[in-house]
Amino acid sequence: MSGGAVRALGSRIGRLYLAACAVVYLIASGSFLVVQHARAVAEAEAACANLSRVVLDEIGRNGCSSAEAMFEREAMRDATLRVTSSDGVTLASEGDRLESDLTAGAWGEAGADGLVYVEVGNRRPALAEPGDLLMIAAGGILAGAFALLTRGPLVRNATAPVEGSIVRQREFIAAASHELKSPLSVVMLDLEAIRTSNGDAGRVELLTKEGARECARMAGLVEDLLALASGDAEGWELSLVRCDAAEIILDAYEQMEDKAASLGRPIEVSLPAGDDEATVLADPARAAQALRALIENALEYAPEGTPVGVALSVSRGEAVLSVSDRGPGVPDDLKERVFDRFYRADPAGSDRDHHGLGLAIAREIAEGHGGSLKVRDNTGGGAVFEFSLPLAR
């Protein structure tokens, strides 16, 4: 995704946000009008019922003509009155009733007229009164201003992860290109040197070994890149089984023992005493791969002649596989950056077999298991990488 695509995405999110705000405001305004109208109708019906009882009392004291006089007043111009006897004869009528009018009535004794039914009507309240419309208009202005003011920050917050991902992707591609270019350049130079070696068997053998070494380095880099790309696209494929964390440590130790011995940095393994097992639900191959990456990193930075420690402990429901060294350690401000792809504390270091992907892969494997990978200072100097896996239940 390019910068233009991110801007287009931000614009689309902004429009959707404004549309959503408008829809929410319309729903809220409509709900407000419905509630207000329902309350006004209830109040009008209650007023008609009360007025019908008042009229019934008036008729009982002064007759139907006095009731009609009540409804001739200006204040009652929207009200209507119907008084009928028990046999359906209209005794009094005042006002023009509409089909939409609200009505309420009551039966009662009316002196000489006997049992009568008094029905009072009134105009149904409008759906929206001028005051309600004014309130909705003012609320719409405020809501619109709020939406416009908050759109910018919301779009920036929404697109920031995408922009950050694009930046990281560009950096990743640039770093991968650089790492691939270096061994290819060496191989090309070796091939050219072989071509011009004039049959010098010793020189040809030396150049061939160097080219093979660079090809192996490039193959390892490509393998790591493919693993990361697969993890990014589909997540890490893990075949989870119940296994002993100690077996993971021993597997990684057996694969790294010879290399450690050749470097003069022996691996010292420390496992829990007795029959205590740290059973985890993990992919043994992937977990061992992550642990090998930690051991390789320790072998790179540990001083010659000093051991690399690999230990297993159990803490807070997790099996902690730790790898320690007596090297320069990791400064506090770099304790997270060391897990970035292609990051190396010493870019100009002499060890060209490490391209800065091992720790990144190890952390992603750890997190894929629901665990974690952290680094802390080692007592007495150096660093300790702690690879935590949840215990199986």
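What counts, and at which threshold
Within every chain, residues take consecutive numbers counted from 1 along the sequence as written. This being a predicted model, a pLDDT of at least 70 is required before a residue's local features are given, and a value of 80 or more before pairs of side-chain atoms are given or counted; all residues contribute to the totals for chains, interfaces and linings. Hydrogens and water are ignored here; the side-chain numbers use all heavy atoms of the structure. What counts as a helix is a DSSP run of H or I of at least four residues, what counts as a strand is a run of E of at least two, and both are numbered from the N terminus. By definition, residues are in contact when any of their heavy atoms lie within 4.5 Å. Working definition of accessibility: Shrake-Rupley area with a 1.4 Å probe, residue cover restricted to the visible protein chains. For salt bridges, the criterion is a side-chain nitrogen of Lys or Arg within 4 Å of an Asp or Glu carboxyl oxygen. Between buried and exposed lies partly exposed: a residue is buried under 20% and exposed over 50% of the maximum accessible area for its type, with that area taken using a 1.4 Å probe on protein chains only. The nonpolar core is taken to be a set of buried Ala, Val, Leu, Ile, Met, Phe, Trp, Tyr and Cys residues, with the residues joined through side-chain atoms within 4.5 Å. Two strands pair if DSSP finds at least two bridges between them. When two rings of Phe, Tyr or Trp (its six-membered ring) have centres within 6.5 Å they constitute a pair, described as stacked for plane angles under 30 degrees, edge-to-face for angles over 60, and tilted for the intermediate range. Ring-over charges, as used throughout, are those where CZ of Arg or NZ of Lys falls within 6 Å of the ring centre and within 35 degrees of the ring normal. Between N-to-C directions, angles span 0 to 180 degrees; the directions come from axes that are lines fitted to C-alpha atoms, helices contributing only their stretch in contact.

Our next topic: the overall build of the protein chain. Across its full length, the protein chain carries seven helices and 11 strands. Taking the intrachain contacts of the protein chain between residues at least 6 apart in sequence as the baseline, contacts between residues at least 24 apart amount to 68%. Taken as a whole, the protein chain presents about 22400 Å² of accessible surface, with 55% of it coming from carbon and sulfur.

If you walk through the whole model with that rule in mind, you get nine salt bridges. For the salt bridge of Lys335 with Asp377, the shortest nitrogen-to-oxygen distance reads 2.9 Å. Residue Lys335 is located in the loop between β9 (318-324) and α7 (358-368), and its partner Asp377 is located in strand β10 (residues 372-377); the two are separated by 42 residues in the primary sequence. Residue Lys335 is classed as buried on the basis of its relative accessible area of 15%. Its relative accessible area of 44% is what places Asp377 among the partly exposed residues. One connected set of salt bridges, linked through shared partners, spans Asp332, Lys335 and Asp377.

On to the nonpolar core, then. Ranked by internal contacts, the top residues of the largest apolar core, which has 48 residues, are Leu294, Ile295, Leu321 and Phe387. With nine residues, helix α6 (residues 284-301) is the largest single contributor of residues to this core. Counting residues in each nonpolar core, the second largest holds 17 residues, with Met76, Ala79, Leu81 and Val118 among its members.

Okay, the pairing of strand β11 (residues 383-390) next. For β11, a buried count of six out of eight residues is recorded, marking the element as mostly surrounded by other parts of the structure. The sheet contact formed by β10 and β11 spans six bridges and is antiparallel. Counted as the bridge partner of Leu373 is Phe387 from β11. Where β10 folds back on β11, the antiparallel hairpin that results is connected by five residues, among which Gly380 adopts a positive phi of roughly 90°.

This paragraph deals with the packing of aromatic side chains. Using the criterion set out here, one finds two aromatic pairs in the structure. With centroids separated by 5.0 Å and ring planes inclined at 45°, the aromatic side chains of Trp107 and Tyr117 adopt a geometry described as tilted. A residue pair is termed long-range when its members are at least 10 positions apart, and Trp107 in strand β3 (residues 102-109) and Tyr117 in strand β4 (residues 115-122) qualify at 10 residues. When its relative accessible area of 23% is taken as the criterion, Tyr117 is described as partly exposed. Relative to Phe385, the ring of Phe339 has its centre 6.0 Å away and its plane inclined at 80°; by these criteria the two rings are edge-to-face. Here Phe339 is found in the loop between β9 and α7, whereas its partner Phe385 is found in strand β11, with 46 residues between them in sequence. Overall, the relative accessible area of 6% leaves Phe339 in the buried class. Over the ring of Phe339 we find Arg363, and its NZ or CZ is 4.0 Å from the ring centre.

Right, let's get into the sheet that holds strand β1 (residues 80-85). The four strands are arranged β2-β1-β4-β3 in an open sheet whose pairing can be described as antiparallel. Looking at the sheet topology across the chains shown, the edges are occupied by β2 (90-94) and β3. Between one strand and the next, the sheet's axes are offset by a mean angle of 15°, whatever the strand orientation. Both β3 and β4 contribute to a ladder of eight bridges, which runs antiparallel. Its bridge partner lying in β4, Gly105 is registered against Glu119.

This part is about the sheet that holds β11. Sheets are built from strands paired through backbone hydrogen bonds, the pairs being either parallel or antiparallel. With mixed pairing, five strands are arranged side by side in an open sheet as β6-β8-β9-β11-β10. Each edge of the open sheet is held by one strand with a lone partner, namely β6 (267-270) and β10. Strand-to-strand twist in this sheet, taken as the mean axis angle between neighbours without regard to direction, amounts to 20°. With seven bridges connecting them, β9 and β11 associate as antiparallel partners.

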